[in-house]
Amino acid sequence: MLVVGAVFSGLRFDGVLAGRVRRDGVNSTRVLARLVAESKYARQLQLVLLQGIALAGFNVVDVAALHEALGIPVLVVARRAPRLPLIRHALLERVRGGRRKWALIERLDPMEEVAGVHVQRVGISRDDAARVVRRLAVHGNVPEPLRTAHLIAGGITTGQSRGRT
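Procedures and definitions
- Residues numbered from 1 in each chain as written.
- Predicted model: local features only at pLDDT ≥ 70, side-chain atom pairs only at ≥ 80, totals over all residues.
- Heavy atoms only, no water.
- Phe/Tyr/Trp six-rings, centres within 6.5 Å; stacked < 30°, edge-to-face > 60°.
- Helix = DSSP H or I, 4+ residues; strand = E, 2+ residues; numbered from the N terminus.
- Buried < 20%, exposed > 50% of the residue type's maximum accessible area, 1.4 Å probe, protein only.
- Contact = heavy atoms within 4.5 Å.
- Axes fitted to C-alpha atoms, helices over the stretch in contact; angles between N-to-C directions.
- Parallel < 35°, antiparallel > 145°, perpendicular 65-115°, else oblique.
- Nonpolar A, V, L, I, M, F, W, Y, C, P; charged D, E, K, R; others polar.
- Pairing = 2+ DSSP bridges.

> Please clarify how the packing of aromatic side chains should be interpreted in this entry.
Aromatic rings considered in pairs are described by the distance between their centres and by the relative angle of their planes. Summed over the entire model, instances satisfying the criterion amount to one aromatic pair. An angle of 40° between the planes, with centres 5.5 Å apart, marks the rings of phenylalanine 8 and phenylalanine 13 as tilted.

Printed below as a string of structure tokens:
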């Protein structure tokens, strides 16, 4: 499945990164690390923003490993707090490799409410995370890089963007 990243310098949209991950697979961390590290933007990036901890269904990102591989903070953003009992049940009962994926989720601190969204963070303080979200959330609560990436991905995969971003 397609994964799209929008590269921003402050509020200026600078570029797009794109790659593919397997649906419910285990390659999201490796693909994201490679996309960022091998991009022409790698030297200027100061933060990775993720909209949720899983891509393509349940391809769970190892946020700590991504932070370690890139040497920059990682901030996971969600509109609402995840329903962990439902996620746990789905992973353990229905998803291949679900125990390992659930362990990745459990290793992180719980999501916390910051600036109107819920976040998990590695390598960035709560105060700095709040500043980032407030600064980049221009049209609603979701930071502009995530909103833009969502719109681009929707347009590419379905022919037009749709839904809330």
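> Hey, could you run me through the environment of valine 117 in this one?
Mapped onto the fold, valine 117 is located in strand β8 (residues 117-122). A residue is classified by how much of its surface remains accessible, and valine 117, at 1% relative accessible area, is buried. For the pair valine 117 and valine 77, spaced 40 residues apart in sequence, the C-alpha separation works out to 6.7 Å. The residues contacting valine 117, other than those within four sequence positions of it, are Val77, Ala78, Arg79, Glu112, Val133 and Asn141.

> I'm lost on the side chain of aspartate 62 in this one. Help?
As for its position among the elements, aspartate 62 is in the loop between β5 (59-60) and α2 (63-70). If we skip the residues at most four places from it in the chain, aspartate 62 touches Thr29, Leu104 and Arg107.

> I'm lost on the packing of helix α3 (residues 84-94) against helix α4 (residues 98-107) in this one. Help?
Between two packed helices, the angle of one axis relative to the other and the distance separating the axes together describe the packing. Packing of α3 against α4 leaves a shortest axis separation of 8 Å and a crossing angle of 150°. When the axis of α3 is compared with that of α4, the two are roughly antiparallel. In this structure, α3 contributes Leu84, Ile87, Arg88, Leu91 and Leu92 to the contact, and α4 contributes Gly98, Arg99, Lys101, Trp102 and Ile105. Here the residues of the contact of α3 with α4 sort into six nonpolar, one polar and three charged.

> I would appreciate a short explanation of the sheet that holds strand β6 (residues 74-78) in the present structure.
Sheet strands pair by backbone hydrogen bonding; their relative direction is either parallel or antiparallel. With mixed pairing, four strands are arranged side by side in an open sheet as β3-β6-β8-β7. Both edges of this open sheet fall to β3 (48-51) and β7 (112-114), since each of them pairs with a single strand only. Strand-to-strand twist across the sheet, computed as the mean angle between neighbouring axes with direction ignored, equals 40°. Of the pairings in the sheet, the one linking β6 to β8 comprises five bridges and is antiparallel in character. For alanine 78, the partnering residue across the bridge sits in β8 and is histidine 118. Along the sheet, α2 makes contact with β3, β6 and β8, crossing β6 at roughly 145°. Of the strands in this sheet, β3 and β6 are in contact with helix α6 (residues 144-158), which crosses β3 at around 55°.

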